[in-house]
Amino acid sequence: LYVAALQNLGQRGILYAGWGDFGNIPLPETVLRNEDAPHGWLFPQVQAVVHHGGAGVTAAAVAAGVPSVAMPFLGDQFYWAGQLHRLGCGPPPLDRRHLTVETLTRTIGEMLTNASYCETAQRLGAQLAAEEGARRAAAWIERTICTRSL
């Protein structure tokens, strides 16, 4: 489905295998199979991301400032998929039970052409970068835990 949707749009793509078994799927030259690229490096280099909606990949997409859509299949993925759409970073989540080439083509096309998704994703990515979360968390740990007598 993914390859067909990309071909329908005349777009190149990266099929990030992760834990999936995509090793035997024949791919055209316009689709690169990737086994292990860090999301933080990869996502800022693409125009949009289709993913499963896990907390880590969702955060990486927002941090990269690119529109994304999730196709959740378990647990908190449904929550994060909904949040992406609610915040305006991408279209409504995909339902894997009813996914078609046409639906995926339309969804990817919408992410590539809807300026609002791009602008919102970039704005939220900049806000996330300005939060200095790791520094603040380390300072809290030092204040709260490291200064206590053992």
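Above this text is the structure in question.
Read on for an overview of the structure. For clarity, every value in this text was computed on a predicted model and none was experimentally measured.

### Structural notes on a nonpolar patch on the surface
A contiguous nonpolar patch, built from Leu1, Tyr2 and Val50 and spanning about 230 Å² of accessible area, is present on the exposed surface. For Tyr2, the position within the fold is in helix 1 (residues 2-9). The class of Tyr2 is partly exposed, set by a relative accessible area of 32%.

### Some thoughts on the packing of helix 3 (residues 55-64) against helix 6 (residues 115-130)
Angle between the axes and distance between the axes are the two parameters that describe a pair of packed helices. The interhelical angle for the contact between helix 3 and helix 6, taken along N-to-C directions, is 100 degrees, at an axis separation of 6 Å. As far as their axial angle goes, helix 6 and helix 3 are roughly perpendicular. Here Ala59, Val62 and Ala63 of helix 3 lie close against helix 6, whose contacting residues are Ala121, Leu124, Gly125 and Leu128. Residue classes in the contact of helix 3 with helix 6 are distributed as six nonpolar, one polar and no charged.

### Brief notes about helix 1
Val3, Ala5 and Leu6 are the residues of helix 1 that are buried. Within helix 1, the buried residues cover an arc of 165 degrees as seen down the axis, which keeps them to one side. Considering only its buried residues, helix 1 is in contact with strand 1 (13-16), strand 2 (31-34) and helix 5 (101-113). Just past helix 1, the residue Gly10 takes up positive phi, approximately 70 degrees.

### Examining the pairing of strand 1
The alternating pattern of strand 1 places Gly13 and Leu15 on a buried face and Ile14 and Tyr16 on a face that is not buried. The pairing of strand 1 with strand 2 spans four bridges and is classified as parallel. Residue Ile14 lies in a different strand from strand 2, and its bridge partner there is Leu32.

### A short note on the pattern of salt bridges
Per the stated rule, a full pass over the model turns up two salt bridges. Between Arg135 and Glu132 there is a salt bridge, and its shortest N-O distance comes to 2.7 Å. Residue classification places Arg135 among the exposed residues on the basis of a relative accessible area of 51%.

### Observations concerning the environment of Ala129
Position of Ala129 among the secondary structure elements: in helix 6. Placed 64 residues apart in sequence, Ala129 and Gly65 show a C-alpha to C-alpha distance of 10.0 Å.

### Structural notes on the packing of helix 1 against helix 5
One can describe the packing of helix 1 onto helix 5 by two numbers: an axis separation of 8 Å at closest approach and a directional angle of 55 degrees. Looking at the two axes, helix 1 sits oblique to helix 5. Taken as a pair, helix 1 and helix 5 cross one another with a handedness that is right-handed. Side by side, helix 1 and helix 5 meet where Tyr2, Ala4, Ala5, Asn8 and Leu9 of the first sit next to Val101, Leu104, Thr105, Ile108 and Gly109 of the second. Split into classes, the residues belonging to the contact of helix 1 with helix 5 amount to seven nonpolar, three polar and no charged.

### Details of unusual backbone geometry
At Glu132, a position not held by glycine, the phi torsion is positive, near 55 degrees. When you line up the elements, Glu132 lands in the loop between helix 6 and helix 7 (133-146).

### What about helix 6?
With 16 residues, helix 6 should reach 22 Å at 1.5 Å per residue; the first-to-last C-alpha distance of 23 Å fits that figure. Residues of helix 6 that are buried include every one of Tyr117, Thr120, Ala121, Leu124 and Gly125, and no others. The buried residues of helix 6 occupy one face: seen down the axis, they fall within an arc of 135 degrees. Facing away from the buried side of helix 6 by over 90 degrees, the exposed positions are Glu119, Gln122, Ala129 and Ala130. Two to three positions downstream of the cap, the backbone nitrogen of Ser116 sits 2.9 Å from a side-chain oxygen, assigning the N-cap of helix 6 to Asn114. Looking at the residues trailing helix 6, positive phi occurs at Glu132, about 55 degrees.

Quick notes on the rules
In this numbering scheme, every chain counts its residues from 1 along its sequence in written order. Confidence filtering applies because this is a predicted model: local features only for residues at pLDDT of at least 70, side-chain atom pairs given and counted only at 80 or more, and all residues used for totals across whole chains, interfaces and linings. To obtain the side-chain values, all non-hydrogen atoms of the structure were used and water was disregarded. What makes a patch is a set of residues exposed beyond 30% relative accessible area and free of salt bridges, joined within 9 Å when like-charged and within 5 Å when nonpolar (Val, Leu, Ile, Met, Phe, Trp, Tyr). Every accessible area reported is derived by Shrake-Rupley at a probe size of 1.4 Å, with residue values counting cover from the shown protein chains alone. Salt bridge, as used here, is a side-chain nitrogen of Lys or Arg placed within 4 Å of a carboxyl oxygen of Asp or Glu. The helix and strand labels rest on DSSP assignments: H or I over at least four residues marks a helix, E over at least two residues marks a strand, and numbering proceeds from the N terminus. Accessible area is worked out with a 1.4 Å probe on protein chains only. A residue is then buried under 20% of its type maximum, exposed over 50%, and partly exposed in between. Angular values range over 0 to 180 degrees, each being the angle between N-to-C directions of two axes fitted as lines to C-alpha atoms, with helices fitted over their stretch in contact. Roughly parallel covers angles under 35 degrees, roughly antiparallel covers those over 145, roughly perpendicular covers 65 to 115, and oblique covers all other angles. A contact between two residues is defined here by any heavy atoms of the two lying within 4.5 Å. Residue type decides the class: Asp, Glu, Lys and Arg count as charged, Ala, Val, Leu, Ile, Met, Phe, Trp, Tyr, Cys and Pro as nonpolar, and the leftover types, Gly among them, as polar. The arc in question is formed by the directions pointing from the helix axis toward the C-beta atoms. Two strands qualify as a pair provided that DSSP identifies no fewer than 2 bridges between them. Handedness of a crossing follows from how the near helix is turned relative to the far one, being left-handed for an anticlockwise turn of less than a right angle and right-handed for a clockwise one. Here a helix's expected span is defined as the number of its residues, less one, multiplied by 1.5 Å. Side-chain atoms alone can form a polar contact between residues adjacent in sequence; in general such a contact is a pair of N or O atoms within 3.5 Å, and within protein one must be able to donate a hydrogen while the other accepts it.

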